[in-house]
Amino acid sequence: MRRDLVELPGPDVAADFTRETIVVVGTGAIEHHGPHLPLNTDYLLADVIGGAAVEQAAVDGLDVWRLPTLAFTKSDEHSWAPGTVWLDWDTMYRTCVEIGRAVDTMGAGTLVFANGHGGNTALLQVVLREIRKLYGLKTFLMPTLIRTDPPAGEGLDERNLGIHGGAAETSIVMHMRPELVDLSRAERWVPEHLAAFRHIGFNGLPVSFGWLSSDFGTGGVVGDPTQATTAFGAKLYDASVAQAVASLHEIARFDHKQAG
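Quick caveat: nothing in here was measured; it's all calculated off a predicted structure.

Sorry, what's going on with the packing of helix H2 (residues 41-59) against helix H5 (residues 167-176) here?
Each pair of packed helices can be summarised by the angle the axes make with each other and by the distance between the axes. Running from amino to carboxyl end, H2 crosses H5 at an angle of 60°, the nearest separation of the two axes being 11 Å. Taken together, the axes of H2 and H5 lie oblique to each other. H5 is crossed by H2, and the crossing has left-handed handedness. Across the interface between the two elements, Thr41, Asp42, Leu44, Leu45, Val48 and Ile49 from H2 touch Glu169, Ile172, Val173 and Met176 from H5. The class makeup of the residues in the contact of H2 with H5 is seven nonpolar, one polar and two charged.

Here it is in structure tokens:
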């Protein structure tokens, strides 16, 4: 079931969209992911997983459509690396808010950003509130790659630092587009010294910090892609699509007036 909004004639949007209609916009990135992964890794996460979730949710009966995935976003933490194409924060902020304006004009009631790039998250949180304030839309941000354990119960030795180009991202691209991955060029790039901090770090630790991907002496990759497998990628893909579909079902019935 194709749910690409841009394939509709304009009058159909005007006639058929209601405040029950959900519009999903993927937010990816074109940025350095080391020598073993393509520049469009995060774009693939947003576009492929987000698209699969929208199509499944539509089969389930939701009135959900998607706009084209944004390729160029806030990737300035990788701006030092050739191949990265990034927008300044204010350019992306205005772009996303203006997309909200257009979705409101369509007559839809909900806008969801399906995000494949962690560097977008903080800015998109601000965008959600601004669109809500200006246009009254229900606004949401959901990830397109979730954390899950590898199959067969084995663990990953990334010391909770596998955030960019590591085992998870490499595995899922191996599943979606195996021809784009070159494991012969992969190395372990884990900044081991950061694992000694209990409070400062990534993946849910309470204290965050400003960083560039060139800060850690790891060639711009933070993680261990040598632990990637296609089986792990398949598990990540299935779990990520399933969570995104479940999230869209919750979004469809969410009501601010009953929240809390």
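Explain the sheet that holds strand S2 (residues 64-70) to me, please; I cannot follow it from the model alone.
Paired through backbone hydrogen bonds, the strands of a sheet run either parallel or antiparallel to each other. Strands sit in the order S2-S1-S3-S4 across an open sheet of four strands; the sheet is parallel. In the strand order of this sheet, the two ends are held by S2 and strand S4 (138-143), each with one partner. The mean inter-strand angle of the sheet, taken between neighbouring strand axes irrespective of direction, is 20°. Bridge analysis of strand S1 (residues 22-27) against S2 gives five bridges, and the strand direction is parallel. Within S2, the position partnered with Val24 by the bridge is Arg66. Those strands touched by helix H4 (residues 121-135) are S1, strand S3 (110-115) and S4, and its axis lies near 165° from that of S4.

Quick question: what am I supposed to make of a nonpolar patch on the surface here?
A contiguous nonpolar surface patch, about 310 Å² in accessible area, is contributed by Phe197, Ile200, Val207 and Phe209. Tracing the sequence through the fold places Val207 in the loop between H5 and helix H6 (230-253).

Conventions adopted
- Residues numbered from 1 in each chain as written.
- Predicted model: local features only at pLDDT ≥ 70, side-chain atom pairs only at ≥ 80, totals over all residues.
- Heavy atoms only, no water.
- Axes fitted to C-alpha atoms, helices over the stretch in contact; angles between N-to-C directions.
- Helix = DSSP H or I, 4+ residues; strand = E, 2+ residues; numbered from the N terminus.
- Parallel < 35°, antiparallel > 145°, perpendicular 65-115°, else oblique.
- Left-handed = near helix turned anticlockwise from the far one by under 90°.
- Contact = heavy atoms within 4.5 Å.
- Nonpolar A, V, L, I, M, F, W, Y, C, P; charged D, E, K, R; others polar.
- Pairing = 2+ DSSP bridges.
- Patch = residues over 30% accessible without salt bridge, like charges linked within 9 Å, V, L, I, M, F, W, Y side chains within 5 Å.
- Areas by Shrake-Rupley, 256 points an atom, 1.4 Å probe, with all protein chains shown as cover.
- Salt bridge = Lys/Arg side-chain N within 4 Å of Asp/Glu carboxyl O.

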